[in-house]
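# Examination of the molecular architecture
Given next are the chains, with one letter for each unit.
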Amino acid sequence: ALHEFPNDVFTNEDRRHGAVVLHVLCAMYMFYALAIVCDDFFVPSLEKICERLHLSEDVAGATFMAAGSSAPELFTSVIGVFITKGDVGVGTIVGSAVFNILCIIGVCGLFAGQVVALSSWSLLRDSIYYTLSVVALIVFIYDEKVSWWESLVLVLMYAIYIIIMKYNSTIHHCFERKTKSAANMVNGLANNTEMDDNSNCDATVVLLKKGNFHRKASVIMVDELLSAYPHQLSFSEAGLRIMITSHFPPKTRLSMASRMLINERQRLINSRAYTNGESEVAIKIPIKHVVENGTGPSNSTERGMNGTRRDEDMAEAGNETENENEDNENNENDEEEEEEDDDDDHEGPYTPFDLPTGKTEILKWLFTWPLSFVLYFTVPNCNKPHLEKWFMVTFASSTLWIAAFSYMMVWMVTIIGYTLGIPDVIMGITFLAAGTSVPDCMASLIVARQGMGDMAVSNSIGSNVFDILIGLGLPWALQTLAVNYGSYIRLNSRGLIYSVGLLLASVFVTVFGVHMNKWKLDKKLGCVCLSLYGIFLCFSIMTEFNVFTFVNLPMCRDH
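Residues numbered from 1 in each chain as written. Predicted model: local features only at pLDDT ≥ 70, side-chain atom pairs only at ≥ 80, totals over all residues. Heavy atoms only, no water.

### With respect to the overall build of the protein
Cut-off, in case you're wondering: Put simply, DSSP marks the helices as runs of H or I at least four residues long and the strands as runs of E at least two long, and each gets a number from the N terminus on. When accessible area is computed with a 1.4 Å probe and restricted to protein chains, residues below 20% of their type maximum are described as buried, those above 50% as exposed, and intermediate ones as partly exposed. Here the Shrake-Rupley method, with its probe set to 1.4 Å, supplies the accessible areas, and only the displayed protein chains count as covering residues.
For the protein, the count of helices and strands is 21 helices and four strands. Residue burial in the protein is summarised as follows: out of 559 residues, 51% are buried. A total accessible area of about 26500 Å² is found for the protein, and carbon and sulfur atoms account for 62% of it.

So this is what it looks like as structure tokens:
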């Protein structure tokens, strides 16, 4: 694969004497660049396209949003098929799939800081279809070559998955009628009965119930929520609360939940700074049980009652101040809007000419300056109102940048693997897989810390279905149907069969583990998942190095 790329500046001898460290740093910078382009430019442009095409939330989530979170893996696979003609693409997707299932669930369970309830429907739906996808992949790559009809079957399986997502609510309704279990009613955040007993934010519960009665999805107006709970929510807070219900695709819900947490933290800091008298009350309320968050249930009904009294006191105090002075309220609203704008600025891409405040922010800004400078002039930010109509240009240019960064990333990883004598498949399963999946892991952890385990788990498994069926199926179909009709995709490593077999086993073990743990995500399950990920890596690496059986020819060397 090394000779399919341009010649490196350093010789193999230079790299062995330490120059390979520069290649590792460059590859890691490419990981970061891909995360920035995907999250700040590519995904917002896809959301705008979904709006224009009037796609339902489930279909949009299964198609465009999945493409947004899995773009690096898809382009790595394309490079693996058309440029390196090796197994780096398959290795990356298989490794990324195992990382998404075991590592993300493990990290969420271990560091969530609370027991997170999971709903069985979304996990079972995605896991069953994912299992079918992996079985199809094993059958097709067993003979170490893939024909045109096999790659076409993978793409068609994804089309069927979109249809299933389209009629998700109807199928879910049938599933619920058969199980007849009240605990399985919630497809959104947490267990419904716990929320009814303990949660103070009735607004969120009402919205969740509306989102999960499985009629034809109705539009929920922000005004309706504001009028039901006057003086408790601002317009933006009500909007965020609506956007974490199951009416919206997983990627949107994930990002909105993260933003809600940031706003909530900012509010607590501000309450400490501005109101000395009431600051103690505001901070004494446990984070899991804050009124404006309303995401996780508290441990006991008694604590829920105490929280309600405190919240009522706070609401009354807020109402008195509003009645006394409307101008102050307007000023506070203006301050809140400015703070939200600041949050948006920190969440969005850095601009090369605006120096942020704070030492860590300045260091981040300096680190990303070359990247932000290039993207500032080449990719319009369609999140800004005056550039919103340029969303197709954002889509096209961000796609080109993802392709360029993926090419650089695979090139660097190929050089590193060649220098250290590591096969392409192992570099894909370990280094590339972790690098392309770390941003999703961080986002899932933030959300899982607030009790929204379903969002984190379904996002990781859902994107895996896209990786297997489109990430592998589409490049293979293009090569065997369009570029060279009737040709075969040949896989070099026999060990991939064992790795994909382990991938199938990881799905079974995870679902079985969650079921045995009574559909709860906790530290015990997290430790088991992370241990299994370590075992998978060890077994895959040993297989590729011919420890168990002969699967790989020795790597060619330049003399």
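### Considering the side chain of Ser-437
As a reminder of what qualifies: We define a polar contact as two N or O atoms separated by no more than 3.5 Å, with the added condition that, inside protein, one atom must be a possible hydrogen donor and the other a possible acceptor, whereas residues neighbouring each other in sequence contribute only through side-chain atom pairs. Here, two residues are considered to be in contact whenever any of their heavy atoms come within 4.5 Å of each other.
As for its placement among the helices and strands, Ser-437 is situated in helix α18 (residues 424–448). Its relative accessible area of 1% is what places Ser-437 among the buried residues. Among the polar contacts made by the side chain of Ser-437, one reaches the side chain of Ser-96 at a distance of 3.0 Å. Contact partners of Ser-437, with chain neighbours within four places excluded, come to Glu-73, Ser-96, Phe-99 and Asn-100.

### Focus: the packing of helix α3 (residues 71–82) against helix α17 (residues 391–420)
How we decide: For helices, the axis comes from a line fit to the C-alpha atoms of the stretch in contact; other axes are also lines fit to C-alpha atoms, and the angle between any two N-to-C directions lies between 0 and 180 degrees. Note that the term roughly parallel is reserved for angles under 35 degrees, roughly antiparallel for angles over 145, roughly perpendicular for angles of 65 to 115, and oblique for everything else. With the far helix as reference, a near helix turned anticlockwise by less than a right angle produces a left-handed crossing, and one turned clockwise produces a right-handed crossing. Think of it as three bins: nonpolar holds Ala, Val, Leu, Ile, Met, Phe, Trp, Tyr, Cys and Pro, charged holds Asp, Glu, Lys and Arg, and polar takes everything else, Gly as well.
Relative to each other, α3 and α17 sit at 60°, their axes nearing to 9 Å. Overall, the two elements α3 and α17 adopt an arrangement that is oblique. Judged by the sense of rotation from one axis to the other, the crossing of α3 with α17 is right-handed. The segment α3 lies against α17, with Ala-71, Pro-72, Phe-75, Thr-76 and Ile-79 engaging Thr-399, Ile-402, Ala-403, Ser-406, Tyr-407, Met-409 and Val-410. A breakdown of the residues in the contact of α3 with α17 according to their chemical character gives nine nonpolar, three polar and no charged.

### Re the packing of α17 against α18
Interhelical geometry of α17 versus α18 gives an angle of 135° and a closest axis separation of 10 Å. Judged by the angle between their axes, α17 and α18 are oblique. Note that α17 runs across α18; the crossing there is right-handed. Of the residues in α18, those touching α17 at Met-409, Val-413, Thr-414, Ile-416 and Gly-417 are Asp-424, Met-427, Phe-431, Leu-432 and Thr-436. Its residues assigned to classes, the contact of α17 with α18 comprises six nonpolar, three polar and one charged.

### Topic: the nonpolar core
Stated formally: As used in this record, nonpolar core signifies buried Ala, Val, Leu, Ile, Met, Phe, Trp, Tyr and Cys residues forming a set joined through side-chain atoms within 4.5 Å.
Counting residues in hydrophobic clusters, the biggest one holds 67 residues, and the most contacted among them are Tyr-130, Ile-141, Tyr-158, Leu-469, Trp-476, Leu-503 and Tyr-533. Top contributing element to this core by residue count: helix α4 (residues 88–111), with 13 residues.

### Considerations on the environment of Ala-443
Relative to the assigned elements, Ala-443 resides in helix α18. Ala-443 sits in the partly exposed class, given a relative accessible area of 21%. For the pair Ala-443 and Ile-104, spaced 339 residues apart in the sequence, the C-alpha separation amounts to 9.8 Å.

### Focus on empty space enclosed by the protein
Keep this limit in mind: A cavity, in this analysis, means grid points on a 1 Å lattice covering only the protein atoms where a 1.4 Å probe fits yet has no way out; a pocket is instead an open set bounded by protein on both sides within 12 Å along at least five of seven lines, and a residue lines either one if it has an atom within 4 Å of a point. Grid points are joined across faces, edges and corners, and a volume is the space filled by probe spheres set on the points.
Across all of its chains, the model carries three cavities of 30 Å³ or more by this definition. Roughly 110 Å³ of internal volume is contained in the second largest cavity. Lining of the second largest cavity is provided by 13 residues; of these, Ala-35, Cys-38, Ser-69, Thr-436 and Pro-439 occupy positions nearest its centre. Going through the elements one at a time, α1 (12–53), α2 (57–69) and α18 are the ones with two or more residues in the lining of the second largest cavity. Ranked by the residues each element gives to the lining of the second largest cavity, the list is headed by α1, at five residues. Of the residues in the lining of the second largest cavity, the class split is six nonpolar, four polar and three charged.

### Here's the deal with the pattern of salt bridges
Working definition: two side chains of opposite charge can pair if their charged atoms are close together. Selection rule: Salt bridges, as used here, are contacts in which a Lys or Arg side-chain nitrogen is within 4 Å of a carboxyl oxygen on Asp or Glu.
Enumeration according to the criterion identifies two salt bridges in this entry. A salt bridge links Asp-8 to Arg-15; the nearest nitrogen and oxygen atoms lie 2.9 Å apart. For Asp-8, a relative accessible area of 24% puts it in the partly exposed group. On the basis of relative accessibility, which here comes to 4%, the residue Arg-15 falls in the buried class. Two residues, Asp-126 and Arg-125, come together in a salt bridge whose shortest N-O distance is 3.2 Å. Under the relative-accessibility criterion, Asp-126 is labelled buried at 2%.

### Quick look at the state of the cysteines
Rule in force here: Any pair of cysteine sulfurs within 2.5 Å is marked as a disulfide.
Evaluated as defined, the whole model comprises zero disulfides. Here Cys-103 is not cross-linked by a disulfide; its sulfur's nearest cysteine counterpart is in Cys-441, at 5.7 Å. Accessibility expressed as a relative area gives 10% for Cys-103, which makes it buried. In this structure Cys-529 is not part of a disulfide, and its nearest cysteine sulfur, from Cys-103, lies 9.5 Å away. Take Cys-529: its relative accessible area is 2%, and that puts it in the buried class.

### Overview of the environment of Val-551
Within the secondary structure layout, Val-551 lies in the segment after α21 (523–544). Residue classification places Val-551 among the buried residues on the basis of a relative accessible area of 7%. Taking the C-alpha atoms as reference points, Val-551 and Ile-497, 54 residues apart in sequence, are found 9.9 Å from one another.

### Some words on helix α19 (residues 453–483)
For the record, the criterion: How far a helix is expected to stretch is found by multiplying one less than its residue total by 1.5 Å. Throughout, the bend at a residue refers to the angle made by two axes, fitted to the seven residues ending there and to the seven starting there.
End to end, α19 covers 43 Å across 31 residues, agreeing with the expected 45 Å (1.5 Å per residue, within 8%). Of all bends in α19, the biggest is about 30°, found at Asp-467. Burial runs high along α19: 26 of the 31 residues are buried.

### Focus on the packing of aromatic side chains
Test applied: Only centres within 6.5 Å qualify two rings of Phe, Tyr or Trp (six-membered ring in Trp) as a pair; their planes then separate them into stacked at under 30 degrees, edge-to-face at over 60, and tilted for everything else. The criterion is that NZ of a Lys, or CZ of an Arg, lies within 6 Å of the ring centre and within 35 degrees of the ring normal, and then a charge sits over that ring.
Per the stated rule, a full pass over the model turns up 19 aromatic pairs. Residues Phe-99 and Tyr-533 carry aromatic rings whose centres are separated by 5.6 Å and whose planes lie at 80° to one another, so their mutual orientation is edge-to-face. Of this pair, Phe-99 sits in helix α4 while Tyr-533 sits in helix α21; the two residues are 434 residues apart in sequence, bridging distant segments of the chain. Taking the relative accessible area as the measure of exposure, Phe-99 reaches 6% and is therefore buried. Sitting above the plane of the Tyr-488 ring, Lys-145 keeps its charged end 4.6 Å from the centroid.

### Quick look at a nonpolar patch on the surface
Basically, it comes down to this: The patches described consist of residues with a relative accessible area above 30% and no salt bridge, like charges being joined within 9 Å and nonpolar side chains (Val, Leu, Ile, Met, Phe, Trp, Tyr) within 5 Å.
A cluster of nonpolar side chains, contributed by Val-9, Phe-10, Val-21, Leu-22, Leu-25 and Met-28, occupies part of the molecular surface with about 590 Å² of accessible area. Among the residues examined, Val-9 registers a relative accessible area of 76% and is labelled exposed.

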